[in-house]
Amino acid sequence: MNAMMVRVRQATMQDAASIARIDVETWRATYAGVLPDRLLIGLSEGRRAANWASEISRHPADVLVAEDERQGILGFGNCGAQRDSRIDYGGEIYTLYVSPDFQGLGIGRQLLLGLFSRLLRAGHNSAALWVLRNNPSRYFYERVGGTLALRKSMTLGGQSVEAVAYGWLDLPTVLHQQARTANRPGEEER
Ligand SMILES: CC(C)(COP(=O)(O)OP(=O)(O)OC[C@H]1O[C@@H](n2cnc3c(N)ncnc32)[C@H](O)[C@@H]1OP(=O)(O)O)[C@@H](O)C(=O)NCCC(=O)NCCS
């Protein structure tokens, strides 16, 4: 692969279609055999694009995209206030997805740190997120300093699934430490 220049920035309304494409693509790749086929087949890029456009218009600073100057949008994520009152972490990462062909290149970390910065600016010093228990991305969250905070059962597409929450108690410290890891000499451009 040629050297990539990936930049994380706030999403605009023009990004809604690209975000929806990656949203549907990563759900199908990640959750095949985990969530019911019916749910995955029924996902619609058009509907997701409308949802994302509405999300971006209502909370423009909370939706971030990772963009390569040649390849376009490669990943996205969004965040906001914690929705689960049992969780003592003020911020929440609602979504984080990197296009399957571009995973493992550092883009997820770059996006997550961008979302942490955003949460800090919004006044949240800590953050948590939910992930399905048998999703391998759990190891990604451990790699970027998250600790297991809580587990719960939830219903998705009529099927009961186990989810776990990862938490980061001290976002300023995480940003400081992870920025050092991410900027190891020679690793900024790939
Ligand atoms: C999870 C996800 C966001 C991670 O993004 P990514 O760009 O692939 O991850 P990065 O390249 O930034 O990885 C950062 C570190 O985590 C490690 N890592 C990433 N995925 C991993 C995995 N599945 N298992 C073990 N380690 C992993 C990387 O090796 C890297 O380690 P390093 O510190 O030694 O460099 C992305 O893979 C993804 O979208 N996956 C599918 C969808 C999904 O499950 N999303 C989460 C739902 S909540």
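A brief look at the structure comes next. (Residues numbered from 1 in each chain as written. Predicted model: local features only at pLDDT ≥ 70, side-chain atom pairs only at ≥ 80, totals over all residues.)

Some words on the overall build of the protein
Next up, step 1: Secondary structure summary: the protein contains 6 helices and 7 strands in total.
Next up, step 2: Going residue by residue from the N terminus, the α and β elements of the protein occur as β-α-α-α-β-β-β-α-β-α-β-β-α.
Next up, step 3: A globule of 190 residues ought to have a C-alpha radius of gyration of about 16 Å, and the protein, at 16 Å, matches this closely.
Next up, step 4: Viewed in the frame of its principal axes, the protein has a C-alpha envelope of about 45 × 40 × 30 Å.
Next up, step 5: Every one of the 190 residues in the protein was classed for burial, and the buried ones make up 26%.
Next up, step 6: Nonlocal contacts in the protein, meaning residues at least 24 apart in sequence, comprise 67% of its contacts between residues at least 6 apart. (Helix = DSSP H or I, 4+ residues; strand = E, 2+ residues; numbered from the N terminus. Rg over C-alpha atoms; globule rule 2.2 N^0.38 Å. Buried ≥ 20, exposed ≤ 12 C-beta atoms within 10 Å, placed from the backbone. Contact = placed C-beta atoms within 7 Å.)

Regarding the nonpolar core
Next up, step 1: Formed by 36 residues in total, the largest nonpolar core has its most connected members in I19, F76, L115 and A127.
Next up, step 2: Element by element, the count of residues in this core is highest for helix α4 (residues 107-121), at 6 residues.
Next up, step 3: If sequence neighbours within four positions are ignored, I19 has contacts with A11, W52, V65, I73 and F76. (Core = buried A, V, L, I, M, F, W, Y, C linked by C-beta atoms within 7 Å.)

Points about helix α1 (residues 16-31)
Next up, step 1: Between its first and last C-alpha, α1 extends 22 Å over 16 residues, near the 22 Å set by a 1.5 Å rise per residue.
Next up, step 2: Listed as buried for α1 are A16, I19, A20 and I22. Buried residues in α1, looked at end-on, bunch into an arc of 165°, giving them a common side.
Next up, step 3: On its buried face, α1 sits against α3 (45-58), β2 (63-68), β3 (72-81) and β4 (91-98).
Next up, step 4: After α1 finishes, the residue G33 shows a positive phi value of roughly 80°. (Expected span 1.5 Å × (residues − 1). Arc of directions from axis to C-beta.)

What about the pairing of strand β7 (residues 159-168)?
Next up, step 1: By the bridge criterion, 6 bridges tie strand β5 (residues 127-132) to β7 in an arrangement that is antiparallel. Paired with A127 across the two strands is W168, which belongs to β7.
Next up, step 2: Taken together, the 9 bridges between strand β6 (residues 147-156) and β7 define a ladder with antiparallel strand orientation. When the sheet's bridge partners are listed, S153 is paired in β7 with E162.
Next up, step 3: Where β6 folds back onto β7 in an antiparallel hairpin, the turn is made up of 2 residues, including G157, whose phi is positive at roughly 60°. (Pairing = 2+ DSSP bridges.)

Without other data, these values stay purely geometric and don't point to any function.
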